[in-house]
Amino acid sequence: MVDNQETRGIPTLYGGGKLIISKVITFCVWAVNFILTCADIYIYYFMLKEYMDCWNCLFRSYMIIALTINFLMVPLLILGGFFIYLELASAIRIYATVLFVATWLQMMLTILFAQQYQTVADVLRIWINEKSLEFFESRCQCCGVLGPDDYILDEMDIPLSCYQDRSGREGDLYQSGCSTHYIKPSFPIIQVISFVVQYVLVICIEVFLILLKRSRGVSSQQRTEMFGSLNT
């Protein structure tokens, strides 16, 4: 009987070892993901700060959404760390689903930020609402919606942002309209790495959850067998 108990104990010990290894790996990936999330917040904050002068721009709205998601990821990751540490299977299952959805949203935003951003919608909105186009004029080296004639036709002074180095000289006047330009953001390499690591974290959590359930199932079975042998 002792030999049988020892034999049955070997798979349990082996399974417990795999569970511990999985837990350690999950926490390592979790730590990397936490650092990258903080880096994302830092990057998005300065990107948003750069676009704050753009009145009611969609690109700025996307950045606010991205920054909000990353801010929410911090407590979410901390909460997940507690769930994994305490080995709360039901909570981990829900957490993995929420983390997957959040990661998918981050991936979509990262893809969006990597695309060329057409300025026409924002430029028209700003012009119709009689707001300043200085943000686009300075950044894209353009003037007005279709050109400097827009200001002349509306009997408005051409702003200094329509001139190279804000010189005000006629020869330095930008001739192209801002609606014909686009903004090409820098490729968000950190964000790409971040959501890839986050997907790896989701996989690690799922593996850990499977091993946790299997380990508890084996332990429950062994307890049943032990009590059965004692009764006999």
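Every chain's residues receive numbers from 1 upward, in the order its sequence appears when written. Totals for whole chains, interfaces and linings use every residue, but because this is a predicted model, local features are given only for residues with pLDDT of at least 70 and side-chain atom pairs only at 80 or more, for both listing and counting. Calculated side-chain values reflect all of the structure's heavy atoms, with hydrogen atoms and water omitted.

1. Observations regarding the overall build of the protein
Filter applied, for reference: Helix and strand assignments come from DSSP, with helices taken as H or I runs of at least 4 residues and strands as E runs of at least 2, each series counted from the N terminus. The classification of residues rests on relative accessible area computed with a 1.4 Å probe and restricted to protein chains. Under 20% of the type maximum is buried, over 50% is exposed, and intermediate values are partly exposed. Residues count as neighbours in contact if any of their non-hydrogen atoms are within 4.5 Å of one another. The protein chains shown are the only cover counted for residues, whose accessible areas, like all others here, come from Shrake-Rupley with a 1.4 Å probe.
Helix and strand counts for the protein come out as 7 helices and 2 strands. When the helices and strands of the protein are listed from N to C terminus, the series reads α-α-α-β-α-α-α-β-α. Each of the 232 residues in the protein was classed as buried or not, and the buried ones make up 39%. Put simply, 74% of the contacts in the protein that link residues at least 6 apart link residues at least 24 apart. Summing over all exposed atoms, the protein offers an accessible surface of approximately 13,600 Å²; the carbon and sulfur share of this is 65%.

2. Quick look at the side chain of serine 179
Within the secondary structure layout, serine 179 lies in the loop between helix 6 (149-153) and strand 2 (182-183). Given the relative accessible area of 13%, serine 179 is considered buried. Setting aside chain neighbours within four positions, we find serine 179 in contact with Thr119, Val120, Val123, Gly144, Val145 and Leu146.

3. Quick word on empty space enclosed by the protein
Rules: Detection works on a 1 Å grid of protein atoms alone, calling trapped sets that fit a 1.4 Å probe cavities and calling open sets with protein on both sides within 12 Å along at least five of seven lines pockets, with lining residues defined by an atom within 4 Å of a point. Grid points are joined across faces, edges and corners, and a volume is the space filled by probe spheres set on the points. Residue polarity follows a fixed list, in which Ala, Val, Leu, Ile, Met, Phe, Trp, Tyr, Cys and Pro are nonpolar, Asp, Glu, Lys and Arg are charged, and the others, Gly among them, are polar.
A complete count under the given rule lists 1 cavity of 30 Å³ or more for this structure. In this model, the largest cavity occupies a volume close to 30 Å³. Around the largest cavity sit Asp40, Tyr44, Asn70, Gln106, Thr110, Gln191, Ser194 and Phe195, which together line it. At the level of secondary structure, the elements contributing two or more residues to the lining of the largest cavity comprise helix 1 (2-51), helix 3 (89-113) and helix 7 (189-231). Looking at side-chain class alone, the lining of the largest cavity contains 2 nonpolar, 5 polar and 1 charged residues.

4. Let's talk about the UniProt feature "transmembrane region" (unreviewed entry) in the protein
The line we're drawing: UniProt positions are given in the numbering used here, feature names are shortened, and annotations may be inferred rather than shown by experiment.
Within this structure's numbering, the places UniProt gives as "transmembrane region" (unreviewed entry) are residues 24-47, 59-85, 92-114 and 189-212. Split by type, residues 24-47 is 100% helix and 0% strand. Its first and last C-alpha atoms lie 35 Å apart. A helix fraction of 100% and a strand fraction of 0% characterise residues 189-212, whose end C-alpha atoms lie 34 Å from each other.

5. A short note on the state of the cysteines
To be explicit about the condition: Note on terminology: pairs of cysteine sulfur atoms within 2.5 Å are recorded as disulfides.
Applying the stated criterion across every chain yields a total of 3 disulfides. Here cysteine 54 connects covalently by a disulfide to cysteine 57, the sulfurs 1.5 Å from one another. Here the disulfide of cysteine 54 and cysteine 57 is left-handed, its torsion about the S-S bond being about -50°. Residues cysteine 54 and cysteine 57 agree in their burial class; the two are buried. Across the disulfide, cysteine 143 is cross-linked to cysteine 162 (sulfur-sulfur distance 2.2 Å). An S-S torsion of about 85° defines the bridge between cysteine 143 and cysteine 162 as right-handed. One end of the pair, cysteine 143, is in the loop between helix 5 (134-140) and helix 6; the other, cysteine 162, is in the loop between helix 6 and strand 2, and 19 residues separate them in sequence. Indicated for the protein is the disulfide connectivity 1-2, 3-6, 4-5, based on numbering the bonded cysteines in sequence order. Here cysteine 140 is not disulfide-linked; the sulfur of cysteine 142 is the nearest cysteine sulfur, at 4.9 Å.

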